[in-house]
Every structure is written in C-alpha cells, then in structure tokens.
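# Observations on the three-dimensional arrangement
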Amino acid sequence: MNTRENGPDQEPVIRDKRKIDPETGKARETAAGGADEQAPPQAAPADGAAAPGGDIADDLAERTRDLQRLQAEYSNYRKRVERDRVAVREQATAAALAELLPVLDDIGRAREHGELTGGFAKVAESLEGVLTKLGLSAFGAKGDPFDPTVHEALMHSYSPDVTEPSCVEIFQPGYRMGERVIRPARVAVAEPAEPAAAEGEAAAEAEAPADPEAGRPGSGSDDN
C-alpha cells in the first residue's frame, strides 16, 4: 500500500506489508514487539476508583463509615455551639440583673416603710414584673434552714426555739435566675443550744439522785 506521510511535496514512502514474500514465496516473520502487534496501553485507574477485581463491598463499607463519622462530628459540633450560645446568653442576662439588684433593695426598703405609693409603686411593680419574666426570683425568709451554698451568715447565735441551724433574721434577700445564684441571702443564723450549756445540763442530770427521799435521816421503814 502506498501512503503519503510527508506531505504532497515529498517523495512517497512505500511500505510493503504483505505477509508473503513475492520473491521467495515464503511467509514473512513479524518483528517481535513491533508497533503493529503491540496492544494498546490500558489507562490507569483514576485515584479513589476501585481497581479491577478489587473488593468493592469493603470500599463501600469504608466510605460509609467515613460518612457516619463525619455526620457524628458535625452533630456534636452543632450541639456544642448551641450549648455555648445558651451559656453566653445566660451569663449576659445574669450580669444585667446583678446591676439592678440595688434598685430592688431600695424598692423593698420603701415598701417596708410604707413609702411605695402612687406612680412610684406602679413603676416598681412594672420593673419587678419584667425581671420576673427574665427568670429572676428572690429567696430567703425567717425560719429557713441555713444553707451555706445560698446563705451568707453575718451573725451567729444560739436559741432554744430552733431545732437546727436556721435563719432567724434576713438582712438582705438573695436572688437567683433559674438554678444560678446571682446573690446569696445575708442572714443571722441561730443554732439549737450552746454546746457548753448542753453538756452542763446533761452532767447535772447525771449527778442528781434518782429518789429525792433517799439520804434523809429517819427515812427508813424500821419501827425499832
């Protein structure tokens, strides 16, 4: 077959691809590794693609585990962000409420002295209503058991009228927002009895005779 490989101005290049030599009449031997006998090269598999004959089920299971792990990490991240957002909002609200506590103390003192009247009473009630909606609540009353986590003891005494450490006087009410204590209640605390007095009474009772008539002269029953 005649082919032109070098353009129209070049001499034709003639290649004889006949399998039978016309001069000898024998079959020609094909050169090993010739370009005509070479198989076309196979394209290499793309990155991440399963190799021919590989275990596709294992690759699918591994990719599924990766997706599940990423989904769990993202879910935990969303929960952590939401928890941090709620904590920051509560801290900001608690800080704002703490600044208003002195105003509530003044309102309480005015109410105790009967000075909370007229328009000032309406304003005070409106303020207290708004703070209550924000979650602020007061605590601390006479007779409450003393709790060092929410009470701050300013005075200490002993009293026979109590059976456990109790708040007998409230100097300043405490305030909390939900479970967060914004300010502890400042109180006077009384305990049931002074330890030394209790021990003295117990010792006196132990030394007293059981029968008051015992030990008197002539208290015996002998008629002689």
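Read on for an overview of the structure.

Calculation criteria
Residues numbered from 1 in each chain as written. Predicted model: local features only at pLDDT ≥ 70, side-chain atom pairs only at ≥ 80, totals over all residues. Heavy atoms only, no water. Phe/Tyr/Trp six-rings, centres within 6.5 Å; stacked < 30°, edge-to-face > 60°. Lys NZ or Arg CZ within 6 Å of the ring centre and 35° of its normal. Helix = DSSP H or I, 4+ residues; strand = E, 2+ residues; numbered from the N terminus. Buried < 20%, exposed > 50% of the residue type's maximum accessible area, 1.4 Å probe, protein only. Polar contact = N/O pair within 3.5 Å; in protein donor to acceptor, adjacent residues only side chain to side chain. Contact = heavy atoms within 4.5 Å. Salt bridge = Lys/Arg side-chain N within 4 Å of Asp/Glu carboxyl O. Pairing = 2+ DSSP bridges. Axes fitted to C-alpha atoms, helices over the stretch in contact; angles between N-to-C directions. Core = buried A, V, L, I, M, F, W, Y, C linked by side-chain atoms within 4.5 Å. Parallel < 35°, antiparallel > 145°, perpendicular 65-115°, else oblique. Left-handed = near helix turned anticlockwise from the far one by under 90°.

Our next topic: the packing of aromatic side chains. Counted by the stated rule, this structure contains zero aromatic pairs. Across the ring face of Phe139, the terminal group of Arg176 is positioned such that the distance to the ring centre comes to 4.3 Å.

Bringing the side chain of Gln172 into the picture now. Here Gln172 shows up in strand E5 (residues 166-172). When its relative accessible area of 17% is taken as the criterion, Gln172 is described as buried. Polar side-chain contacts of Gln172 include one of 3.3 Å to the side chain of Asp105. Apart from the residues lying within four places of it in its own chain, the contact partners of Gln172 are Asp105, Arg183, Ala185 and Arg186.

The full count for this structure, using the stated rule, is nine salt bridges. Note that Asp105 is salt-bridged to Arg183, the shortest N-O span being 2.8 Å. One end of the pair, Asp105, is in helix H1 (residues 56-112); the other, Arg183, is in strand E7 (residues 180-183), and 78 residues separate them in sequence. For the pair shown, Asp105 and Arg183 are each scored as buried. Where Glu169 meets Lys142, a salt bridge forms, and the shortest distance between an N and an O atom there is 3.6 Å. Residue Glu169 is found in strand E5, and its partner Lys142 is found in the loop between strand E3 (136-139) and strand E4 (151-158); the two are separated by 27 residues along the sequence. In this structure Glu169 comes out as partly exposed when scored by relative accessible area, which is 32%.

Glancing now at the sheet that holds strand E6 (residues 174-177). If you walk across this open sheet you meet the three strands as E3-E6-E7, and the pairing is antiparallel. Strands with a single pairing partner mark the edges of an open sheet, and in this sheet they are E3 and E7. Going from strand to strand, the sheet's axes swing by 35° on average, the running direction of each strand aside. Pairing geometry for E6 and E7, over three bridges, is antiparallel. Considered in E7, the bridge of Tyr175 is made with Arg183. Strands E3, E6 and E7 of the sheet are contacted by H1, whose axis makes an angle of about 35° with E7.

Looking now at the nonpolar core. With 13 residues, the main nonpolar core has Leu97, Leu101, Leu104, Leu136 and Ile182 as its most contacted residues. Mapped by element, the contributors of at least two residues to this core are H1, helix H2 (118-133) and E6. In terms of residue count, H1 provides more of this core than any other element does, five residues in total. In this structure Leu97 touches Leu131, Leu134, Leu136, Met177 and Ile182, once residues within four positions along its chain are discounted. Phe139, Val150, Ala185 and Val187 belong to the second-largest nonpolar core, a separate cluster that totals six residues.

Time to look at the packing of H1 against H2. Where H1 meets H2, the closest approach of the two axes is 11 Å, and the angle between their N-to-C directions is 140°. In this view, H1 runs oblique relative to H2, as classed from their interaxial angle. Along this stretch, H1 crosses H2, giving a crossing that reads as left-handed. Every residue of H2 that contacts H1 at Leu97, Leu100, Val103, Leu104, Ile107, Ala110 and Arg111 is listed here: Phe120, Ala124, Leu127, Glu128 and Leu131.

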